[in-house]
Amino acid sequence: MAYAIARLKKLKQKDIGSSASHTSRERETLNADLSVENIRFIGSSDPESRLEDLVMAKINEVEQRRKIRTDGVYCVEMLLSASPSYFRASCPTQAGYYEQNKLDVWLEATHQWLSEEYGSRIVRAELHLDEVTPHIHAYFVPVDDDGQLRCNHFFNGRQKIQAFQDSYYETMRLIGLERGVKGSRAKHEDIKDFYRIVETGRNLEVSELNLEQIKAKAADRDRTARQFQQMEATARQLAQANELLQQRLAQLEKEKKELAKQTQQLRDLALEDVAWELGLDKQPSQFNSWVGHGHIIDINGDKFQSTSPGVEKGGGAIDLVIQVNNYNLRQGLAWLNHRFGLQGAERAAIAAVKKQTADILQTEPAPKFVPPVEDKSKWTGVHDYLTHFWGLPSNFVHGFYQSGLIYADSKQNAVFVMRDLNQQVKGAYLQGSEFKGLAIGSDRTNSWFHFQLGERGTSKVEKVVLCSSTIDAFSYAMLEYSKTGSIPKQRTLYMALADPKSTPVERLEDISQIKTAFNSDEFGEASALAIKKLLPQVRRSRPKTVSWNQDLLLEKSLQQQRQQQQRKSEADLSL
């Protein structure tokens, strides 16, 4: 079983430079491979940037109300990693090797944890790949919410250090890592202990445990084994999906070059060449005039005009052949094929169709989406379906019905109204016991099912949650509500996003807080990574089960069990 590893070391002012010179490889490190480059993912990448200056700048953001002691803690170095068996399950003792997909998932999860847990107090963080096992050095300036330097506020005593490790584990367990047993007599607060782990490939948590602790570890292992196996399978699937994606990108690049080549081939034939083949002669005195067979043809670029009586203005090579030779369309195409070959005839035909298409588009309005007709007599059945089968709260469903975002159609499907971000209705998603899918004519690229919650109804959206489906969007919002007991203080946009390619990037790129709350399956993981590339500020949020709706149903079941137990206890007491 692989474990999450979190250690810390308190640094006095005189210790900061020494620590920085080690992590930045400014001094010789015997067990480091100099050919491997480490990655600084938080803080300035400028080699002249000094850690001491970053720490003091953070401390001096707010005037300190008391003088800092000479032996005070200015900075805390965090060492974050995982057991070697996580990064290289098949060969944990092979120094320096790691599976790239495992590293990517762990790095993203750790980066997210640092940002959410400590924010701007982390002034520098580096990923080290040049030693035996990948690990991160992060530097935390312990200033409280008032900006005062107080390390004891964060890391004073065993309980607070355990809370630090618990917090990291709560994120790491979602990617399949296990926590060591609390209460073990083994002490690892010092970062030096970490190197014994990465050098020997063993886990220090397994030594000196009593019987009760061994039982606790066995129970914890059984509980996380399934999650670990699932994440292992997901990681392999993601690697395969990534390989397929790279192949697809290479294929698309090849197709792009081929299309560029075809662009020239799809242009209409040059009218001067066609006129010459038709036997017309260019008039020396008139630059654009061609004469022959009783016709006077003026050619201007890709258009021509005949001065012959009763002959209208033409638009391309086929029209020119038809008018001069008095052919029908079939004869005109056959003549072009004879004189210019199959490719030339196809070019002329395509150009003619494009012109006809352009003429139609200038006069024909685009069809508007027509929503499914509402059948109010079916609403009770839809309401029961959403509340009983999917576990959505009745008052919540009724509120959205009142706002017009959900209603029933004649077949007793729940109709979820899809809008663009300017609130224009452009589609609908139908969800019923026997059918689910888009209504005919829906614009799935530019409209989505979405809703907003927050204390300030007219304020600007500050947070966005992207979910796999309409039901999951509701379920996620309800789980947030049950956790906090109130609607979000921040104005939050919940959106059902069926596919990453329909992500409204331009409207979301300026929002700093975005979560991809997709399912914990292959498609959900791949979608989250795809959106991460489009919107780098995105953070991943995974359900405890497969989907957020299953989480909601589980929470509802547990709540009912607690209520039943409470009623039974009250009944026993009354006896």
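Structure report, in brief. (Residues numbered from 1 in each chain as written. Predicted model: local features only at pLDDT ≥ 70, side-chain atom pairs only at ≥ 80, totals over all residues. Heavy atoms only, no water.)

Observations regarding the packing of aromatic side chains
In step 1: Following the criterion strictly, the structure yields 28 aromatic pairs and no others.
In step 2: Ring geometry for F87 versus W106: centroids 5.2 Å apart, planes at 90°, classification edge-to-face. Of the two residues, F87 sits in helix α3 (residues 84-87) while W106 sits in helix α4 (residues 100-118), which places them 19 residues apart along the sequence. For the pair formed by F87 and W106, the shared burial category is buried.
In step 3: Aromatic side chains W113 and Y118 sit 5.5 Å apart centroid to centroid with 90° between the ring planes, which places their arrangement in the edge-to-face category. Across the pair, Y118 and W113 agree in class, each one buried.
In step 4: Above the ring of Y86, the side-chain terminus of K102 is found at 4.7 Å from the ring centroid. (Phe/Tyr/Trp six-rings, centres within 6.5 Å; stacked < 30°, edge-to-face > 60°. Helix = DSSP H or I, 4+ residues; strand = E, 2+ residues; numbered from the N terminus. Buried < 20%, exposed > 50% of the residue type's maximum accessible area, 1.4 Å probe, protein only. Lys NZ or Arg CZ within 6 Å of the ring centre and 35° of its normal.)

Things to note about the pairing of strand β8 (residues 295-300)
In step 1: Of the two faces of β8, the one lined by H295, I297 and I299 is fully buried and the one lined by I296, D298 and N300 carries no buried residue.
In step 2: Pairing geometry for strand β7 (residues 289-292) and β8, over four bridges, is antiparallel. Residue pairing in the sheet places W290 in a bridge with I297 of β8.
In step 3: Connecting β7 to the antiparallel partner β8 that follows it, the hairpin turn spans two residues, and H293 within it adopts a positive phi of roughly 55°.
In step 4: By the bridge criterion, four bridges tie β8 to strand β9 (residues 303-306) in an arrangement that is antiparallel. Considered in β9, the bridge of N300 is made with K303.
In step 5: Hairpin connection of β8 to β9: two residues between the antiparallel strands, including G301 at a positive phi of 65°. (Pairing = 2+ DSSP bridges.)

Focus: the sheet that holds β9
In step 1: Taking strand neighbours across the sheet as the criterion, the four strands line up as β6-β7-β8-β9 in an open arrangement whose pairing is antiparallel. Every interior strand has two partners, whereas the edge strands, β6 (281-282) and β9, have only one.
In step 2: Lying over the sheet, helix α9 (residues 317-325) contacts β8 and β9, oriented at roughly 20° with respect to β9. (Contact = heavy atoms within 4.5 Å. Axes fitted to C-alpha atoms, helices over the stretch in contact; angles between N-to-C directions.)

So, helix α5 (residues 158-172)
In step 1: Helix length check: α5 (15 residues) gives 21 Å between terminal C-alpha atoms against 21 Å at 1.5 Å per residue, within 8%.
In step 2: Buried within α5 are the following residues: I161, F164, D166, S167, Y168, Y169 and M172. (Expected span 1.5 Å × (residues − 1).)

Brief notes about the packing of helix α11 (residues 379-389) against helix α12 (residues 394-402)
In step 1: Contact geometry for α11 and α12: axes closest at 9 Å, N-to-C directions at 135°. Judged by the inter-axis angle, α11 sits oblique to α12. The way α11 lies across α12 gives a crossing that is right-handed. When α11 is examined against α12, the residues W379, H383, L386 and T387 are found in contact with a partner set consisting of S394, V397 and Y401.
In step 2: Grouping the constituent residues of the contact of α11 with α12 by class yields four nonpolar, three polar and no charged. (Parallel < 35°, antiparallel > 145°, perpendicular 65-115°, else oblique. Left-handed = near helix turned anticlockwise from the far one by under 90°. Nonpolar A, V, L, I, M, F, W, Y, C, P; charged D, E, K, R; others polar.)

A few points about the side chain of R88
In step 1: Counting through the fold element by element, R88 comes out in the loop between α3 and α4.
In step 2: At 3.0 Å, the side chain of R88 forms a polar contact with the side chain of T133.
In step 3: Apart from residues no more than four positions distant in its own chain, R88 is found in contact with T93, Q94, A95, G96, Y97, E99, V132, T133 and P134. (Polar contact = N/O pair within 3.5 Å; in protein donor to acceptor, adjacent residues only side chain to side chain.)

What about the packing of helix α1 (residues 13-23) against helix α2 (residues 51-59)?
In step 1: Contact geometry of α1 with α2 gives a least axis separation of 9 Å together with a crossing angle of 135°. Put simply, α1 runs oblique to α2. Within the contact between the two elements, α1 uses Q13, I16, G17 and A20 and α2 uses L51, E52, V55 and M56.
In step 2: Split by residue class, the contact of α1 with α2 holds five nonpolar, two polar and one charged.

Re the nonpolar core
In step 1: Core analysis: the largest hydrophobic core is formed by 39 residues, its most contacted members being L386, L392, F416, F451 and F474.
In step 2: Broken down by element, the residue count for this core peaks at seven residues, all from helix α13 (residues 470-484).
In step 3: Every residue in contact with F416, bar those within four places of it in the chain, is listed here: L386, L405, I406, G427, A428, Y429, Q431, F449, T470, I471 and F474.
In step 4: Within the second largest apolar cluster, 37 residues are counted, among which are A2, F87, A138 and Y168. (Core = buried A, V, L, I, M, F, W, Y, C linked by side-chain atoms within 4.5 Å.)

With respect to the sheet that holds strand β5 (residues 135-140)
In step 1: Spatial ordering of the open sheet is given by β1-β3-β5-β4-β2, a layout of five strands whose pairing is antiparallel. Here the strands that pair on one side only, and so sit at the sheet edges, are β1 (4-12) and β2 (39-42). This sheet shows a mean twist of 20° between the axes of neighbouring strands, independent of strand direction.
In step 2: Where β2 meets strand β4 (residues 122-128), three bridges bridge the pair, whose relative direction is antiparallel. Along β4, the bridge assignment pairs R40 with E126.

Notes on α13
In step 1: Along its 15 residues, α13 runs 22 Å from first to last C-alpha, staying within 8% of the 21 Å computed at 1.5 Å per residue.
In step 2: Here α13 lies mainly inside the structure; 11 of its 15 residues are buried.
In step 3: Here α13 has its buried residues at T470, I471, D472, A473, F474, S475, Y476, A477, M478, L479 and E480.
In step 4: G485 sits one or two positions beyond α13 and adopts a positive phi of about 80°.

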